[in-house]
Amino acid sequence: MPAAGRRSQARREATARRLQRFAALRGEAALGGPERAGSPSWASAAAGLRRPLLKELPLGTRYHVCTDPPGHKIGNGGSTLHVLGCLEELYGDKWTSFTVLLIHSGGYSQRLPSASALGKIFTAVPLGDPVYQMLELKLAMYIDFPRQMAPGVLVTCSDDIELYSTGGAEALTFDQPGFTALAHPSELAVGTTHGVFVLDPSRVSGRGGLLSVPCQRFLHKPDVGTMRQCGAVLARPSCAGPCSSGDSGDPGTGSECVYTDSVFYIHHSTAKQLLAFYKQIGSLCCEIDAYGDFLQALGPGATPDYTTNTSNVTKEESQLVEVRQKLYSLLKGTALNVLVLNNSKFYHIGTTQEYLSHFASDSKLRFELGLLPVAFSISSGTLDPSASVIQSVLEPGCVIGPGSVIEYSRIGPEVSVGKSSIISGSHIDVKVDVPSNCLLSSLSVRMSSQVRYVTMVFSVEDDLKRSVKALSDIHSLQFFGVSLLECLDLWGVKVSHQLFSGDNTRLGLWAARIFPVCSTLSESVRMALKMLNSVQHRSAFELGSCELLSVEEMLTYKDAEDMLKFRKQIYDEIHLQREKEKPDV
(Lines give C-alpha, C1' and ligand atoms only; values in the text may rest on other atoms or scores of the structure.)
Protein backbone atom coordinates (compact mmCIF):
# COMPACT_ATOMS: atom_id res chain seq x y z
CA MET A 1 0.00 0.00 0.00
CA PRO A 2 1.39 3.47 -0.88
CA ALA A 3 2.45 5.68 2.03
CA ALA A 4 -0.53 8.02 1.56
CA GLY A 5 -2.88 5.05 1.72
CA ARG A 6 -1.24 3.79 4.91
CA ARG A 7 -1.65 7.19 6.56
CA SER A 8 -5.30 7.35 5.54
CA GLN A 9 -5.87 3.80 6.79
CA ALA A 10 -4.25 4.71 10.12
CA ARG A 11 -6.64 7.67 10.50
CA ARG A 12 -9.57 5.40 9.64
CA GLU A 13 -8.58 2.84 12.27
CA ALA A 14 -7.96 5.47 14.97
CA THR A 15 -11.30 7.13 14.17
CA ALA A 16 -13.15 3.79 14.28
CA ARG A 17 -11.77 3.12 17.77
CA ARG A 18 -13.04 6.50 19.01
CA LEU A 19 -16.45 5.98 17.43
CA GLN A 20 -16.72 2.50 18.94
CA ARG A 21 -15.93 3.83 22.40
CA PHE A 22 -18.45 6.65 22.04
CA ALA A 23 -21.18 4.37 20.65
CA ALA A 24 -21.00 2.35 23.86
CA LEU A 25 -21.65 5.51 25.88
CA ARG A 26 -24.69 6.84 23.99
CA GLY A 27 -27.63 6.92 26.37
CA GLU A 28 -25.41 5.77 29.23
CA ALA A 29 -23.99 7.64 32.23
CA ALA A 30 -20.49 7.54 30.98
CA LEU A 31 -18.35 10.45 29.80
CA GLY A 32 -17.50 11.02 33.41
CA GLY A 33 -19.26 13.12 35.97
CA PRO A 34 -18.41 14.81 39.23
CA GLU A 35 -19.23 11.59 41.03
CA ARG A 36 -16.49 9.65 39.21
CA ALA A 37 -13.05 10.41 40.54
CA GLY A 38 -10.32 10.72 37.96
CA SER A 39 -12.75 11.36 35.14
CA PRO A 40 -13.47 15.08 34.93
CA SER A 41 -16.87 16.12 33.66
CA TRP A 42 -17.50 17.93 30.37
CA ALA A 43 -19.66 21.03 30.70
CA SER A 44 -20.72 21.41 27.07
CA ALA A 45 -21.70 24.91 26.00
CA ALA A 46 -23.12 25.28 22.51
CA ALA A 47 -25.22 28.07 21.05
CA GLY A 48 -27.86 25.66 19.74
CA LEU A 49 -31.19 24.06 20.46
CA ARG A 50 -32.54 21.60 23.02
CA ARG A 51 -33.69 18.40 21.34
CA PRO A 52 -35.09 15.01 22.36
CA LEU A 53 -32.52 12.52 23.58
CA LEU A 54 -33.08 9.26 21.71
CA LYS A 55 -30.04 7.61 23.27
CA GLU A 56 -27.90 10.01 21.25
CA LEU A 57 -25.78 11.60 24.00
CA PRO A 58 -23.95 10.22 27.02
CA LEU A 59 -25.83 10.89 30.25
CA GLY A 60 -24.34 11.96 33.56
CA THR A 61 -22.78 14.95 31.83
CA ARG A 62 -23.79 18.58 32.19
CA TYR A 63 -24.90 20.14 28.91
CA HIS A 64 -25.65 23.84 28.67
CA VAL A 65 -26.99 25.91 25.79
CA CYS A 66 -25.88 29.54 25.92
CA THR A 67 -27.29 32.05 23.46
CA ASP A 68 -25.54 35.30 22.72
CA PRO A 69 -26.84 38.36 24.57
CA PRO A 70 -29.34 40.47 22.60
CA GLY A 71 -28.10 43.43 20.61
CA HIS A 72 -24.86 43.64 18.71
CA LYS A 73 -23.26 40.61 17.07
CA ILE A 74 -20.24 39.70 19.21
CA GLY A 75 -18.55 36.98 17.14
CA ASN A 76 -17.30 33.63 18.39
CA GLY A 77 -14.72 35.39 20.57
CA GLY A 78 -17.41 37.42 22.28
CA SER A 79 -19.52 34.26 22.62
CA THR A 80 -16.59 32.50 24.29
CA LEU A 81 -16.32 35.30 26.85
CA HIS A 82 -20.09 35.28 27.37
CA VAL A 83 -20.10 31.51 28.01
CA LEU A 84 -17.42 31.92 30.68
CA GLY A 85 -19.74 34.42 32.35
CA CYS A 86 -22.67 31.98 32.08
CA LEU A 87 -20.62 29.23 33.72
CA GLU A 88 -19.69 31.51 36.59
CA GLU A 89 -23.35 32.44 37.07
CA LEU A 90 -24.27 28.76 37.21
CA TYR A 91 -21.42 27.42 39.31
CA GLY A 92 -19.61 30.34 40.93
CA ASP A 93 -15.85 29.83 41.21
CA LYS A 94 -16.29 26.06 40.85
CA TRP A 95 -16.34 26.43 37.05
CA THR A 96 -12.57 26.87 37.06
CA SER A 97 -12.22 23.24 38.22
CA PHE A 98 -14.18 21.88 35.22
CA THR A 99 -12.98 20.62 31.87
CA VAL A 100 -15.27 22.44 29.46
CA LEU A 101 -15.98 21.69 25.82
CA LEU A 102 -17.28 24.87 24.17
CA ILE A 103 -18.74 24.31 20.71
CA HIS A 104 -19.77 27.33 18.67
CA SER A 105 -22.87 26.24 16.78
CA GLY A 106 -22.35 28.70 13.95
CA GLY A 107 -24.11 31.86 12.83
CA TYR A 108 -26.75 32.17 10.13
CA SER A 109 -25.11 29.44 7.99
CA GLN A 110 -25.76 31.39 4.81
CA ARG A 111 -23.34 29.18 2.87
CA LEU A 112 -25.19 26.03 4.00
CA PRO A 113 -28.78 27.25 4.50
CA SER A 114 -30.17 23.77 5.16
CA ALA A 115 -28.40 24.09 8.54
CA SER A 116 -29.65 27.61 9.26
CA ALA A 117 -32.80 26.77 11.23
CA LEU A 118 -31.37 24.43 13.87
CA GLY A 119 -27.70 25.37 13.66
CA LYS A 120 -24.61 23.69 12.24
CA ILE A 121 -24.06 21.83 15.50
CA PHE A 122 -27.15 19.73 14.66
CA THR A 123 -26.10 18.96 11.08
CA ALA A 124 -26.81 15.28 10.46
CA VAL A 125 -23.91 12.97 9.64
CA PRO A 126 -24.49 9.77 7.61
CA LEU A 127 -23.32 7.55 10.43
CA GLY A 128 -24.70 5.71 13.45
CA ASP A 129 -27.97 4.30 14.73
CA PRO A 130 -29.57 6.64 15.62
CA VAL A 131 -27.73 8.97 13.27
CA TYR A 132 -24.97 11.18 14.56
CA GLN A 133 -25.20 14.92 14.41
CA MET A 134 -22.16 17.14 14.57
CA LEU A 135 -22.58 17.45 18.35
CA GLU A 136 -22.19 13.71 18.90
CA LEU A 137 -19.39 13.52 16.34
CA LYS A 138 -17.45 16.22 18.17
CA LEU A 139 -17.85 14.37 21.46
CA ALA A 140 -16.71 11.15 19.81
CA MET A 141 -13.64 12.67 18.18
CA TYR A 142 -12.55 14.30 21.47
CA ILE A 143 -13.37 11.30 23.66
CA ASP A 144 -9.70 10.83 24.61
CA PHE A 145 -9.19 14.44 25.72
CA PRO A 146 -10.83 14.80 29.17
CA ARG A 147 -8.52 12.41 30.99
CA GLN A 148 -5.49 14.29 29.62
CA MET A 149 -6.81 17.78 30.28
CA ALA A 150 -6.23 20.09 33.20
CA PRO A 151 -9.22 22.27 34.13
CA GLY A 152 -9.89 24.70 31.31
CA VAL A 153 -11.88 25.28 28.13
CA LEU A 154 -11.53 23.49 24.79
CA VAL A 155 -12.91 25.70 22.01
CA THR A 156 -14.08 24.32 18.68
CA CYS A 157 -16.45 25.14 15.82
CA SER A 158 -19.36 22.99 14.68
CA ASP A 159 -18.62 22.83 10.96
CA ASP A 160 -15.25 21.11 10.93
CA ILE A 161 -13.99 17.59 11.55
CA GLU A 162 -10.46 16.72 12.62
CA LEU A 163 -9.28 13.15 12.05
CA TYR A 164 -5.84 12.05 13.20
CA SER A 165 -3.61 9.18 14.16
CA THR A 166 -0.63 9.56 16.48
CA GLY A 167 0.78 6.19 15.49
CA GLY A 168 0.88 4.83 19.00
CA ALA A 169 2.42 7.97 20.49
CA GLU A 170 1.30 9.34 23.83
CA ALA A 171 -2.17 10.82 24.09
CA LEU A 172 -2.75 14.51 23.40
CA THR A 173 -2.25 16.41 26.64
CA PHE A 174 -3.83 19.75 27.48
CA ASP A 175 -2.26 20.87 30.74
CA GLN A 176 0.13 23.72 29.92
CA PRO A 177 -0.50 27.29 31.09
CA GLY A 178 -1.83 29.70 28.49
CA PHE A 179 -3.23 28.26 25.26
CA THR A 180 -2.69 24.89 23.56
CA ALA A 181 -3.75 24.37 19.93
CA LEU A 182 -3.88 21.49 17.47
CA ALA A 183 -1.90 22.01 14.24
CA HIS A 184 -2.31 20.23 10.91
CA PRO A 185 0.09 20.20 7.91
CA SER A 186 -1.64 22.03 5.07
CA GLU A 187 -1.04 23.45 1.64
CA LEU A 188 -0.08 27.12 1.54
CA ALA A 189 -3.36 27.94 -0.23
CA VAL A 190 -5.31 26.48 2.71
CA GLY A 191 -3.33 28.69 5.08
CA THR A 192 -4.69 31.84 3.42
CA THR A 193 -8.17 31.04 4.79
CA HIS A 194 -7.13 29.65 8.19
CA GLY A 195 -4.87 30.45 11.09
CA VAL A 196 -1.18 29.59 10.60
CA PHE A 197 1.39 28.83 13.30
CA VAL A 198 4.97 30.10 13.09
CA LEU A 199 7.08 27.24 14.47
CA ASP A 200 10.79 26.58 14.90
CA PRO A 201 11.74 24.36 11.90
CA SER A 202 14.18 22.35 14.01
CA ARG A 203 11.33 21.33 16.35
CA VAL A 204 9.06 19.92 13.63
CA SER A 205 11.57 18.25 11.34
CA GLY A 206 11.26 14.80 12.94
CA ARG A 207 9.06 11.89 11.91
CA GLY A 208 6.87 11.81 14.99
CA GLY A 209 3.10 11.60 14.61
CA LEU A 210 2.66 13.88 17.64
CA LEU A 211 4.96 16.74 18.62
CA SER A 212 4.52 19.36 21.35
CA VAL A 213 6.09 22.61 20.17
CA PRO A 214 6.06 26.20 21.47
CA CYS A 215 4.64 28.63 18.90
CA GLN A 216 6.52 31.80 18.09
CA ARG A 217 3.59 33.62 16.53
CA PHE A 218 0.10 33.04 15.11
CA LEU A 219 -0.99 34.50 11.75
CA HIS A 220 -4.68 34.87 10.92
CA LYS A 221 -5.59 34.24 7.26
CA PRO A 222 -2.22 35.49 5.97
CA ASP A 223 -1.26 35.75 2.31
CA VAL A 224 1.55 33.52 1.05
CA GLY A 225 4.05 36.37 1.11
CA THR A 226 3.38 37.03 4.80
CA MET A 227 3.71 33.31 5.59
CA ARG A 228 7.15 33.25 3.95
CA GLN A 229 8.27 36.52 5.48
CA CYS A 230 7.32 35.36 8.99
CA GLY A 231 8.93 31.94 8.61
CA ALA A 232 5.71 29.93 8.68
CA VAL A 233 6.48 27.95 5.50
CA LEU A 234 8.30 24.73 6.36
CA ALA A 235 9.54 21.63 4.62
CA ARG A 236 6.85 18.99 4.69
CA PRO A 237 7.83 16.17 7.05
CA SER A 238 7.85 12.77 5.35
CA CYS A 239 5.48 11.45 7.99
CA ALA A 240 2.90 14.09 7.08
CA GLY A 241 2.39 12.87 3.53
CA PRO A 242 0.12 14.92 1.26
CA CYS A 243 -0.89 18.11 3.00
CA SER A 244 -4.21 18.45 4.73
CA SER A 245 -6.95 20.32 2.94
CA GLY A 246 -10.56 21.24 3.57
CA ASP A 247 -11.31 21.07 -0.14
CA SER A 248 -12.50 18.14 -2.21
CA GLY A 249 -10.11 15.85 -4.04
CA ASP A 250 -6.59 14.84 -3.15
CA PRO A 251 -4.36 17.75 -2.12
CA GLY A 252 -0.97 18.22 -3.68
CA THR A 253 2.22 16.62 -2.50
CA GLY A 254 4.56 19.61 -2.68
CA SER A 255 7.68 19.86 -0.56
CA GLU A 256 6.38 22.82 1.46
CA CYS A 257 3.59 23.16 4.00
CA VAL A 258 2.24 25.37 6.74
CA TYR A 259 0.66 24.24 10.00
CA THR A 260 -2.93 25.41 10.32
CA ASP A 261 -5.32 25.67 13.27
CA SER A 262 -8.52 23.93 14.34
CA VAL A 263 -9.18 23.33 18.06
CA PHE A 264 -7.57 25.21 20.94
CA TYR A 265 -7.55 24.90 24.72
CA ILE A 266 -7.46 27.70 27.30
CA HIS A 267 -5.95 26.85 30.67
CA HIS A 268 -8.29 27.71 33.56
CA SER A 269 -5.96 30.45 34.88
CA THR A 270 -6.02 32.23 31.51
CA ALA A 271 -9.78 31.67 31.18
CA LYS A 272 -10.23 33.46 34.52
CA GLN A 273 -8.24 36.42 33.13
CA LEU A 274 -10.44 36.54 30.05
CA LEU A 275 -13.61 36.53 32.17
CA ALA A 276 -12.25 39.37 34.31
CA PHE A 277 -11.55 41.30 31.11
CA TYR A 278 -15.11 40.68 29.87
CA LYS A 279 -16.58 41.96 33.12
CA GLN A 280 -14.37 45.03 33.01
CA ILE A 281 -15.41 46.18 29.53
CA GLY A 282 -19.12 45.60 30.19
CA SER A 283 -21.27 44.93 27.12
CA LEU A 284 -19.52 44.13 23.84
CA CYS A 285 -20.57 46.18 20.81
CA CYS A 286 -18.35 44.54 18.20
CA GLU A 287 -17.46 41.14 16.78
CA ILE A 288 -14.46 39.46 18.40
CA ASP A 289 -12.82 36.47 16.69
CA ALA A 290 -11.73 33.74 19.09
CA TYR A 291 -8.98 32.74 16.68
CA GLY A 292 -7.85 36.03 15.20
CA ASP A 293 -8.21 38.18 18.32
CA PHE A 294 -7.11 35.70 20.99
CA LEU A 295 -4.37 33.70 19.29
CA GLN A 296 -2.67 36.57 17.44
CA ALA A 297 -1.75 38.11 20.79
CA LEU A 298 0.14 35.00 21.88
CA GLY A 299 3.75 33.86 21.61
CA PRO A 300 7.04 35.80 21.89
CA GLY A 301 6.82 37.02 18.28
CA ALA A 302 3.35 38.59 18.55
CA THR A 303 2.97 42.22 17.51
CA PRO A 304 -0.03 44.58 17.89
CA ASP A 305 -0.18 45.28 14.14
CA TYR A 306 -3.25 43.06 13.66
CA THR A 307 -5.35 45.15 16.05
CA THR A 308 -5.89 47.84 13.42
CA ASN A 309 -6.25 45.49 10.45
CA THR A 310 -9.97 45.15 9.72
CA SER A 311 -9.72 43.55 6.24
CA ASN A 312 -11.30 40.29 7.46
CA VAL A 313 -14.09 41.99 9.41
CA THR A 314 -17.65 41.79 8.06
CA LYS A 315 -18.77 44.98 9.76
CA GLU A 316 -16.34 47.29 11.50
CA GLU A 317 -17.63 48.78 14.75
CA SER A 318 -16.07 51.75 16.50
CA GLN A 319 -15.21 49.66 19.57
CA LEU A 320 -13.34 46.96 17.67
CA VAL A 321 -9.79 48.35 17.56
CA GLU A 322 -9.96 49.46 21.19
CA VAL A 323 -11.13 46.01 22.38
CA ARG A 324 -8.46 44.28 20.29
CA GLN A 325 -5.75 46.46 21.77
CA LYS A 326 -6.94 45.73 25.30
CA LEU A 327 -7.00 42.01 24.55
CA TYR A 328 -3.48 42.24 23.17
CA SER A 329 -2.27 43.99 26.32
CA LEU A 330 -3.97 41.33 28.45
CA LEU A 331 -2.62 38.31 26.58
CA LYS A 332 0.81 39.60 25.48
CA GLY A 333 3.48 37.20 26.68
CA THR A 334 1.01 34.34 27.20
CA ALA A 335 2.33 31.02 25.91
CA LEU A 336 0.88 29.27 22.87
CA ASN A 337 1.77 25.59 22.88
CA VAL A 338 1.07 23.63 19.69
CA LEU A 339 0.34 19.92 19.38
CA VAL A 340 1.56 19.09 15.87
CA LEU A 341 -0.41 16.22 14.35
CA ASN A 342 1.55 15.22 11.28
CA ASN A 343 -0.86 12.45 10.30
CA SER A 344 -4.05 14.48 10.52
CA LYS A 345 -6.67 15.85 8.20
CA PHE A 346 -8.96 18.83 8.70
CA TYR A 347 -12.32 18.78 6.94
CA HIS A 348 -14.57 21.82 6.68
CA ILE A 349 -18.26 21.28 5.85
CA GLY A 350 -19.57 24.83 6.20
CA THR A 351 -20.63 25.31 2.56
CA THR A 352 -22.98 23.43 0.25
CA GLN A 353 -20.08 22.42 -1.99
CA GLU A 354 -17.98 21.11 0.91
CA TYR A 355 -21.00 19.33 2.43
CA LEU A 356 -21.77 17.52 -0.83
CA SER A 357 -18.13 16.79 -1.59
CA HIS A 358 -17.41 15.21 1.80
CA PHE A 359 -20.73 13.49 2.58
CA ALA A 360 -21.86 12.32 -0.86
CA SER A 361 -18.95 11.34 -3.05
CA ASP A 362 -16.04 8.95 -2.99
CA SER A 363 -14.24 11.25 -0.56
CA LYS A 364 -11.44 10.65 1.91
CA LEU A 365 -13.76 11.70 4.72
CA ARG A 366 -16.29 9.06 3.69
CA PHE A 367 -13.54 6.42 3.87
CA GLU A 368 -11.80 7.62 7.03
CA LEU A 369 -14.96 8.31 9.04
CA GLY A 370 -16.81 5.25 7.71
CA LEU A 371 -19.76 7.26 6.40
CA LEU A 372 -22.71 5.24 5.10
CA PRO A 373 -24.65 5.65 1.83
CA VAL A 374 -27.83 4.86 3.81
CA ALA A 375 -27.86 5.84 7.48
CA PHE A 376 -30.88 4.87 9.63
CA SER A 377 -33.36 5.08 6.74
CA ILE A 378 -35.93 3.12 4.78
CA SER A 379 -34.50 3.16 1.30
CA SER A 380 -36.70 1.35 -1.20
CA GLY A 381 -35.91 3.52 -4.20
CA THR A 382 -33.03 3.52 -6.68
CA LEU A 383 -29.99 5.10 -5.06
CA ASP A 384 -26.73 6.01 -6.75
CA PRO A 385 -23.78 4.59 -4.74
CA SER A 386 -22.31 8.06 -4.26
CA ALA A 387 -25.54 9.52 -2.81
CA SER A 388 -26.24 9.77 0.90
CA VAL A 389 -29.54 9.18 2.72
CA ILE A 390 -29.86 10.19 6.38
CA GLN A 391 -32.91 9.35 8.55
CA SER A 392 -35.31 9.47 5.61
CA VAL A 393 -37.99 7.35 3.98
CA LEU A 394 -37.53 6.68 0.26
CA GLU A 395 -40.54 4.98 -1.26
CA PRO A 396 -40.28 2.36 -4.03
CA GLY A 397 -39.92 3.95 -7.44
CA CYS A 398 -38.02 7.10 -6.49
CA VAL A 399 -34.57 7.75 -7.94
CA ILE A 400 -31.72 9.59 -6.20
CA GLY A 401 -28.91 10.80 -8.42
CA PRO A 402 -25.15 10.73 -7.83
CA GLY A 403 -23.65 12.92 -5.13
CA SER A 404 -26.98 14.03 -3.61
CA VAL A 405 -27.84 14.15 0.10
CA ILE A 406 -31.34 13.43 1.46
CA GLU A 407 -31.83 14.15 5.17
CA TYR A 408 -34.89 14.03 7.42
CA SER A 409 -37.19 13.78 4.40
CA ARG A 410 -39.91 11.63 2.87
CA ILE A 411 -39.51 11.05 -0.87
CA GLY A 412 -42.51 9.74 -2.84
CA PRO A 413 -42.56 6.99 -5.50
CA GLU A 414 -42.56 9.26 -8.55
CA VAL A 415 -39.74 11.55 -7.52
CA SER A 416 -36.42 11.80 -9.32
CA VAL A 417 -33.62 13.81 -7.70
CA GLY A 418 -30.76 14.94 -9.94
CA LYS A 419 -27.09 14.94 -9.07
CA SER A 420 -25.40 17.01 -6.34
CA SER A 421 -28.63 18.17 -4.69
CA ILE A 422 -29.58 18.61 -1.03
CA ILE A 423 -33.10 17.76 0.19
CA SER A 424 -33.66 18.61 3.87
CA GLY A 425 -36.75 18.32 6.08
CA SER A 426 -39.06 17.96 3.07
CA HIS A 427 -42.01 15.82 2.01
CA ILE A 428 -42.27 15.35 -1.76
CA ASP A 429 -45.46 13.47 -2.65
CA VAL A 430 -46.00 14.41 -6.32
CA LYS A 431 -44.43 13.29 -9.58
CA VAL A 432 -41.52 15.63 -10.10
CA ASP A 433 -37.94 15.80 -11.32
CA VAL A 434 -35.85 17.74 -8.83
CA PRO A 435 -33.05 19.25 -10.92
CA SER A 436 -29.36 18.77 -10.29
CA ASN A 437 -27.49 21.20 -8.02
CA CYS A 438 -30.67 22.04 -6.14
CA LEU A 439 -30.98 22.88 -2.45
CA LEU A 440 -34.50 22.27 -1.13
CA SER A 441 -35.03 22.86 2.59
CA SER A 442 -38.37 23.07 4.43
CA LEU A 443 -39.11 24.89 7.69
CA SER A 444 -42.07 24.98 10.03
CA VAL A 445 -43.01 28.52 11.01
CA ARG A 446 -45.44 29.82 13.62
CA MET A 447 -47.48 32.80 12.49
CA SER A 448 -50.57 34.15 14.25
CA SER A 449 -50.37 31.20 16.66
CA GLN A 450 -50.64 28.72 13.77
CA VAL A 451 -48.04 26.32 12.40
CA ARG A 452 -47.40 26.92 8.70
CA TYR A 453 -44.72 25.72 6.30
CA VAL A 454 -42.23 27.37 3.97
CA THR A 455 -39.70 25.71 1.66
CA MET A 456 -36.65 27.53 0.35
CA VAL A 457 -35.14 26.51 -2.96
CA PHE A 458 -31.81 27.64 -4.39
CA SER A 459 -28.97 26.40 -6.49
CA VAL A 460 -26.17 24.96 -4.37
CA GLU A 461 -24.01 27.56 -6.13
CA ASP A 462 -26.20 30.57 -5.28
CA ASP A 463 -24.49 33.19 -3.10
CA LEU A 464 -26.83 34.00 -0.24
CA LYS A 465 -24.27 36.27 1.42
CA ARG A 466 -24.02 38.61 -1.55
CA SER A 467 -26.06 41.80 -1.40
CA VAL A 468 -26.44 45.13 -3.12
CA LYS A 469 -27.39 48.50 -1.67
CA ALA A 470 -29.82 49.81 -4.30
CA LEU A 471 -32.92 48.33 -5.94
CA SER A 472 -31.48 49.34 -9.30
CA ASP A 473 -28.68 46.81 -8.77
CA ILE A 474 -30.72 43.69 -7.92
CA HIS A 475 -30.47 42.56 -11.54
CA SER A 476 -26.94 41.46 -10.64
CA LEU A 477 -28.22 38.95 -8.05
CA GLN A 478 -28.43 35.41 -9.42
CA PHE A 479 -31.05 32.74 -8.63
CA PHE A 480 -30.19 29.41 -10.23
CA GLY A 481 -28.05 31.23 -12.78
CA VAL A 482 -30.85 33.65 -13.73
CA SER A 483 -31.07 37.33 -12.81
CA LEU A 484 -33.29 37.78 -9.75
CA LEU A 485 -35.03 40.63 -11.60
CA GLU A 486 -36.08 38.23 -14.36
CA CYS A 487 -37.26 35.69 -11.78
CA LEU A 488 -39.40 38.27 -10.00
CA ASP A 489 -41.04 39.13 -13.31
CA LEU A 490 -41.86 35.46 -13.95
CA TRP A 491 -43.35 35.17 -10.44
CA GLY A 492 -45.33 38.39 -10.71
CA VAL A 493 -43.56 39.92 -7.72
CA LYS A 494 -43.13 43.70 -7.76
CA VAL A 495 -39.76 45.29 -7.13
CA SER A 496 -39.87 47.62 -4.14
CA HIS A 497 -38.21 48.06 -0.78
CA GLN A 498 -41.02 45.92 0.67
CA LEU A 499 -39.59 43.03 -1.30
CA PHE A 500 -36.74 42.73 1.21
CA SER A 501 -36.83 42.09 4.94
CA GLY A 502 -34.53 43.79 7.41
CA ASP A 503 -33.32 47.38 7.26
CA ASN A 504 -33.00 47.48 3.44
CA THR A 505 -29.28 48.21 3.59
CA ARG A 506 -28.32 44.74 2.33
CA LEU A 507 -30.53 43.60 -0.54
CA GLY A 508 -29.85 39.97 -1.44
CA LEU A 509 -31.30 36.48 -1.76
CA TRP A 510 -31.15 36.05 2.01
CA ALA A 511 -33.57 38.93 2.59
CA ALA A 512 -35.76 38.53 -0.53
CA ARG A 513 -39.42 37.82 0.29
CA ILE A 514 -40.01 35.20 -2.39
CA PHE A 515 -41.05 31.97 -0.62
CA PRO A 516 -44.78 31.21 -0.13
CA VAL A 517 -46.27 30.34 3.26
CA CYS A 518 -48.42 27.18 2.99
CA SER A 519 -50.75 25.18 5.20
CA THR A 520 -48.95 21.84 4.71
CA LEU A 521 -45.36 20.74 4.36
CA SER A 522 -45.88 18.94 1.05
CA GLU A 523 -47.72 21.94 -0.42
CA SER A 524 -44.81 24.25 0.45
CA VAL A 525 -42.43 21.88 -1.36
CA ARG A 526 -44.69 21.79 -4.43
CA MET A 527 -44.80 25.59 -4.53
CA ALA A 528 -41.03 25.92 -4.26
CA LEU A 529 -40.48 23.42 -7.07
CA LYS A 530 -43.02 25.21 -9.25
CA MET A 531 -41.11 28.45 -8.68
CA LEU A 532 -37.92 26.76 -9.79
CA ASN A 533 -39.60 25.14 -12.79
CA SER A 534 -40.89 28.57 -13.80
CA VAL A 535 -37.36 29.97 -13.84
CA GLN A 536 -35.81 27.03 -15.65
CA HIS A 537 -38.46 27.03 -18.40
CA ARG A 538 -38.98 30.81 -18.45
CA SER A 539 -42.72 30.33 -17.84
CA ALA A 540 -44.89 32.49 -15.61
CA PHE A 541 -45.92 31.25 -12.16
CA GLU A 542 -47.82 33.92 -10.25
CA LEU A 543 -47.04 34.34 -6.55
CA GLY A 544 -48.97 37.58 -6.18
CA SER A 545 -51.71 36.26 -3.86
CA CYS A 546 -49.36 34.31 -1.58
CA GLU A 547 -47.91 35.49 1.70
CA LEU A 548 -44.17 35.51 1.10
CA LEU A 549 -41.23 35.25 3.49
CA SER A 550 -37.50 35.69 3.12
CA VAL A 551 -35.04 33.14 4.52
CA GLU A 552 -34.20 35.74 7.16
CA GLU A 553 -37.87 35.87 8.22
CA MET A 554 -38.24 32.09 8.06
CA LEU A 555 -35.61 31.86 10.79
CA THR A 556 -37.37 34.51 12.84
CA TYR A 557 -40.70 32.64 12.71
CA LYS A 558 -39.32 29.09 12.76
CA ASP A 559 -41.09 26.52 14.93
CA ALA A 560 -38.24 24.23 15.91
CA GLU A 561 -40.48 21.96 17.98
CA ASP A 562 -42.67 21.19 14.98
CA MET A 563 -39.60 20.52 12.82
CA LEU A 564 -38.30 18.10 15.44
CA LYS A 565 -41.74 16.48 15.59
CA PHE A 566 -41.51 15.69 11.87
CA ARG A 567 -38.05 14.21 12.38
CA LYS A 568 -39.39 12.12 15.27
CA GLN A 569 -42.22 10.79 13.10
CA ILE A 570 -39.69 9.61 10.53
CA TYR A 571 -37.53 8.15 13.31
CA ASP A 572 -40.47 6.21 14.76
CA GLU A 573 -41.46 4.83 11.37
CA ILE A 574 -37.91 3.62 10.66
CA HIS A 575 -37.56 2.19 14.16
CA LEU A 576 -40.87 0.31 13.86
CA GLN A 577 -39.87 -1.09 10.47
CA ARG A 578 -36.57 -2.31 11.89
CA GLU A 579 -38.33 -3.97 14.81
CA LYS A 580 -40.62 -5.81 12.37
CA GLU A 581 -37.61 -7.00 10.36
CA LYS A 582 -35.90 -8.53 13.38
CA PRO A 583 -36.01 -12.32 13.34
CA ASP A 584 -38.20 -14.01 15.95
CA VAL A 585 -36.22 -15.43 18.83
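Residues numbered from 1 in each chain as written. Predicted model: local features only at pLDDT ≥ 70, side-chain atom pairs only at ≥ 80, totals over all residues. Heavy atoms only, no water.

By the naming in an unreviewed UniProt entry, the protein is FPGT guanylyltransferase, taken from Ramphastos sulfuratus.

Some words on the domain arrangement of the protein
Selection criterion: Delimitation of the domains relies on an automatic or database domain assignment. Note on contacts: a residue pair is in contact if any heavy atoms of the two residues lie within 4.5 Å. Accessible area that two parts lose when put together, with a 1.4 Å probe and added across both, is what the buried area reports. In the analysis that follows, any N or O atom pair within 3.5 Å is treated as a polar contact, provided that within protein one partner can donate a hydrogen and the other can accept it, and provided that, for residues neighboring in sequence, both atoms belong to side chains.
Parsing the protein into structural domains produces domain 1 (3-31 + 54-237 + 257-348) and domain 2 (373-574). Computed over C-alpha atoms only, the centres of domain 1 and domain 2 are separated by 33 Å. Between domain 1 and domain 2, the residue contacts involve 20 residues of the former and 24 residues of the latter. Summed over both partners, the interface of domain 1 with domain 2 buries about 1900 Å², with 70% contributed by carbon and sulfur atoms. Considering only the side of domain 1, the residues that lose the most area to domain 2 are Gln110, Ala117 and Leu118, jointly responsible for 30% of the buried surface there. In this assembly, domain 1 and domain 2 are joined by 2 residue pairs in polar contact (both at pLDDT 80 or more).

Points about the packing of aromatic side chains
Let me state the cut-off plainly: Whether two aromatic rings pair depends on their centres lying within 6.5 Å, for rings of Phe, Tyr and Trp, where Trp uses its six-membered ring; planes under 30 degrees apart make the pair stacked, over 60 edge-to-face, and the rest tilted. The numbering of helices and of strands both runs from the N terminus, where a helix is a DSSP run of H or I of at least 4 residues and a strand a run of E of at least 2. Only protein chains enter the accessibility calculation, which uses a 1.4 Å probe; a residue is then buried when its area is under 20% of its type maximum, exposed when over 50%, and partly exposed in between. In this scheme, Lys NZ or Arg CZ marks a charge over a ring once it lies within 6 Å of the ring centre and within 35 degrees of the ring normal.
For the structure on display, the rule yields 16 aromatic pairs. Considering the side-chain rings of Tyr306 and Tyr328, the 6.2 Å spacing of their centres and the 70 degrees angle between planes classify their relative orientation as edge-to-face. Taken together, the residues span a long stretch of sequence, with Tyr306 in the loop between helix H7 (290-295) and helix H8 (320-331) and Tyr328 in helix H8 at a distance of 22 residues. For Tyr306, a relative accessible area of 8% translates into the label buried. Classification of Tyr328 by relative accessible area gives buried; the value is 8%. These aromatic residues form a ring-pair network of at least three members: Phe458, Phe479, Phe480, Trp491 and Phe515. Stacked on the ring of Tyr164, the Lys or Arg Arg18 has its end atom at 3.9 Å from the ring centre. We note Arg62 situated over the ring of Phe98; from NZ or CZ to the ring centre the distance is 4.6 Å.

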